[in-house]
Amino acid sequence: MTDRAAKARPSHARTTEVGVQYAIVPVPVLSLETVARRSGLHPDLIRRYVALGLVDAGRDASGRLVFAPTAPAALARVQRLRTGLCLNYASLGLVLDLLDRISLLEAALRRAGMRSDLPPWT
């Protein structure tokens, strides 16, 4: 590469800003044991769902899994799909993504005033 080619492309230093968000009120989180008790699932199965990306979880300061209060409902949804439709883990992720996309599109239609007369099927 010559000096001419280097001068033709100006180098732009990229700076990324990292925004920090602070909650005004403490965000409630559930421990793995609490989620397991509320959902009726074994903690190892919940860990597997988290590892596969089927359920969202975070980590606390000591590295333990913590969940949003909606985690038992998300786990129930995964279990219904797994047992009701006999889906494997790979197809569970795909179906969950498609159902979430359908919900977003239906919400956009409702906001636009183009509501269907049929009730949502999901």
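Calculation rules
- Residues numbered from 1 in each chain as written.
- Predicted model: local features only at pLDDT ≥ 70, side-chain atom pairs only at ≥ 80, totals over all residues.
- Heavy atoms only, no water.
- Helix = DSSP H or I, 4+ residues; strand = E, 2+ residues; numbered from the N terminus.
- Buried < 20%, exposed > 50% of the residue type's maximum accessible area, 1.4 Å probe, protein only.
- Contact = heavy atoms within 4.5 Å.
- Areas by Shrake-Rupley, 256 points an atom, 1.4 Å probe, with all protein chains shown as cover.
- Core = buried A, V, L, I, M, F, W, Y, C linked by side-chain atoms within 4.5 Å.
- Arc of directions from axis to C-beta.
- Expected span 1.5 Å × (residues − 1).
- Pairing = 2+ DSSP bridges.
- pLDDT = per-residue confidence, 0-100.

### With respect to the overall build of the protein
Point 1. Each helix and strand in the protein was counted, giving 5 helices and 3 strands.
Point 2. Along the protein, helices and strands appear, N-terminal first, in the series α-β-α-α-β-β-α-α.
Point 3. Counting over 122 residues, the protein shows a buried share of 20%.
Point 4. Here the analysis covers contacts within the protein between residues at least 6 apart in sequence; of these, 41% occur between residues at least 24 apart.
Point 5. As presented, the protein carries roughly 9900 Å² of accessible surface, and 57% of it is formed by carbon and sulfur atoms.

### Some details on the nonpolar core
Across soluble globular proteins, nonpolar side chains show a tendency to be buried alongside one another.
Point 1. Core analysis: the biggest nonpolar cluster contains 20 residues, and Ile46 and Phe67 have the highest contact counts within it.
Point 2. Of all elements in the fold, only helix 2 (32–39), helix 3 (43–52), strand 3 (65–67), helix 4 (71–84) and helix 5 (89–112) reach the threshold of two or more residues within this core.
Point 3. When residues in this core are grouped by element, the largest group, 4 residues, is from helix 4.
Point 4. Apart from residues lying up to four places away in sequence, Phe67 is in contact with Pro28, Val29, Leu30, Ser31, Leu32, Val35, Ile46, Val50, Val55, Asp56 and Ala57.

### A word on helix 3
Point 1. For helix 3, the set of buried residues is Ile46, Tyr49 and Val50. The buried residues of helix 3 occupy one face: seen down the axis, they fall within an arc of 100°.
Point 2. Buried residues belonging to helix 3 abut helix 2, strand 3, helix 4 and helix 5.
Point 3. Gly53, located one to two residues past helix 3, shows a positive phi value of around 80°.

### Examining helix 4
Point 1. An ideal rise of 1.5 Å per residue puts 20 Å on 14 residues; helix 4 measures up with 19 Å between its terminal C-alpha atoms.
Point 2. Listed in full, the buried residues belonging to helix 4 are Ala71, Pro72, Leu75, Val78 and Leu81.
Point 3. Those residues of helix 4 that are buried lie in contact with strand 1 (30–31), helix 2, helix 3, strand 3 and helix 5.
Point 4. Phi turns positive, to about 55°, at Cys86, one or two residues after helix 4.

### A word on the sheet that holds strand 3
Point 1. The 3 strands lie next to each other as 1-3-2, forming an open sheet whose pairing is antiparallel. Each edge of the open sheet carries a strand with a single partner, namely strand 1 and strand 2 (58–59).
Point 2. Both strand 2 and strand 3 contribute to a ladder of 2 bridges, which runs antiparallel. Looking at strand 3, one finds that Gly58 is bridged to Val66.

### A look at the environment of Ala73
Point 1. With respect to the helices and strands, the residue Ala73 is situated in helix 4.
Point 2. The class for Ala73 is exposed, based on a relative accessible area of 53%.
Point 3. C-alpha separation for the pair Ala73 and Arg38, spaced 35 residues apart in sequence, amounts to 9.4 Å.

### Concerning the confidence of the model for the protein
Point 1. Mean pLDDT over the protein stands at 83; residues scoring 70 or higher make up 75%.
Point 2. The low-confidence segment residues 1–15 (pLDDT under 50) makes 1 contact with residues lying over four places distant or belonging to another chain.

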